[in-house]
Amino acid sequence: MKIEMIDEDNFIVYLTIDAFLEKENESCIDMENEDKIKKFLKDIVLRLKKKLKNNFFGYYMLTAYKAYNVFVLEFERLDEYHIGVELNIVLYLNSKIFFKYEEPTLIKPDYYYDGYFYKKIDAVFDSLKYIEFGGFVYDEEVDKLIEKGTCLSD
């Protein structure tokens, strides 16, 4: 789990399911069932409360993007006058998420754009090996990448 603080009301969490399951000694979670995914996300929120301590409270809009074994979780605090953490969750299953990195020999890239290489998150992407060498792009950034970038895959 990697947390990127944008400001006091907004942050992004990048999470790989394989890393989470390995840490929890679990073998699988049904990641195609929306209700089970929402329960899983609530478990992640409990971990974030411990990790972020006094900085994580209020009413949040949680926008979750999922591609195979990767989640990108955008938290936006809408109201800080709640004692605990309450969520309004919007979930996008089968999102387009790409791994962004600089070293072309790290893994075979699918795209090149603006000085970076990109690998589409798919069923064979082993994020545990590479997570420290790059980051993730999703949503509108992916649309721009596909439109303006150079496709390197077959």
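Just above sits the structure.
Every chain's residues receive numbers from 1 upward, in the order its sequence appears when written. Per-residue local features of the predicted model are confined to residues with pLDDT of at least 70, and side-chain atom pairs are confined, for both listing and counting, to 80 or more; whole-chain, interface and lining totals are unaffected and use all residues. Based on all heavy atoms of the structure, the side-chain values leave hydrogens and waters out of the count.

(A) Looking closely at the packing of aromatic side chains. Stacked, tilted and edge-to-face pairs are distinguished by plane angle, under 30 degrees for stacked and over 60 for edge-to-face with tilted covering the rest, among Phe, Tyr and Trp rings (Trp via its six-membered ring) whose centres lie within 6.5 Å. In total, this model carries 15 aromatic pairs according to the counting rule given. Each ring, one from Tyr65 and one from Tyr92, has its centre 5.3 Å from the other, and the planes form 15 degrees; the classification is stacked. In this pair, Tyr65 is assigned in strand β3 (residues 58-67) and Tyr92 in strand β5 (residues 85-92), connecting sequence segments 27 residues apart. By relative accessible area, which is 8% here, Tyr65 ends up buried. Ring centres of Tyr65 and Tyr138 lie 4.9 Å apart, and the angle between their planes is 45 degrees; this geometry places the pair in the tilted category. With Tyr65 in strand β3 and Tyr138 in strand β9 (residues 134-138), the pair connects residues that are 73 residues apart, well separated along the chain. Pair check on accessibility: Tyr65 and Tyr138 agree, each one buried. By the ring-pair criterion, three or more aromatic residues cluster together here, those being Tyr14, Phe99, Tyr101, Tyr112, Phe117 and Phe136. We count a stretch as a helix when DSSP gives it H or I for four or more residues in a row; a strand needs E for two or more, and each element gets its number in order from the N terminus. Type-normalised accessible area, obtained with a 1.4 Å probe on protein chains alone, sets the label of each residue: buried when under 20%, exposed when over 50%, and partly exposed for intermediate values.

(B) Examining the sheet that holds strand β10 (residues 150-151) more closely. Overall, antiparallel pairing links the five strands, which are arranged β9-β6-β8-β7-β10 in an open sheet. Only two strands of the sheet have a single neighbouring strand rather than two, namely β9 and β10. Two elements, strand β6 (residues 97-101) and β9, share five bridges in a ladder whose sense is antiparallel. Looking at the pairing, Ile97 lines up with Tyr138 of β9. Strands are treated as partners if at least two bridges between them are detected by DSSP.

(C) Structural detail: the nonpolar core. Put simply, buried Ala, Val, Leu, Ile, Met, Phe, Trp, Tyr and Cys residues joined by side-chain atoms within 4.5 Å make one nonpolar core. Phe11, Leu41, Leu48, Phe56, Phe71, Leu73 and Phe75 are the most contacted members of the largest nonpolar core, which totals 20 residues. Those elements that provide at least two residues to this core are β2 (10-16), α2 (34-52), β3, β4 (70-79) and β5. Broken down by element, this core gets its largest block of residues, seven residues, from α2. Residues in contact with Leu41, not counting those within four places in the same chain, are Leu62, Ala64, Phe71, Leu73, Ile89 and Leu91. One finds Phe117, Ile121, Tyr130 and Tyr138 within the second-largest nonpolar core, a separate group that totals 15 residues. What makes two residues a contact is simply this: any of their non-hydrogen atoms within 4.5 Å.

(D) Broad picture of the side chain of Asp110. When you line up the elements, Asp110 lands in the loop between β6 and β7 (111-113). Each polar contact in these results corresponds to two N or O atoms within 3.5 Å; when the atoms are within protein, one needs to be able to donate a hydrogen and the other to accept it, and residues that are neighboring in sequence are counted only if both atoms are side-chain atoms. Among the polar contacts listed, one links the side chain of Asp110 to the backbone nitrogen of Lys120, at a separation of 2.8 Å. Discounting residues that sit within four places of it in the chain, Asp110 has contacts with Tyr118, Lys119, Lys120, Thr150, Cys151, Leu152 and Ser153.

(E) A look at unusual backbone geometry. The backbone of Asp114 shows a phi angle near 55 degrees, a positive value even though the residue is not glycine. Residue position: Asp114 is located in the loop between β7 and β8 (116-120). Notably, Asp139 is not glycine yet its phi reads approximately 60 degrees, a positive angle. Here Asp139 lies in the loop between β9 and α4 (140-148).

That is the geometry; function is a separate question.
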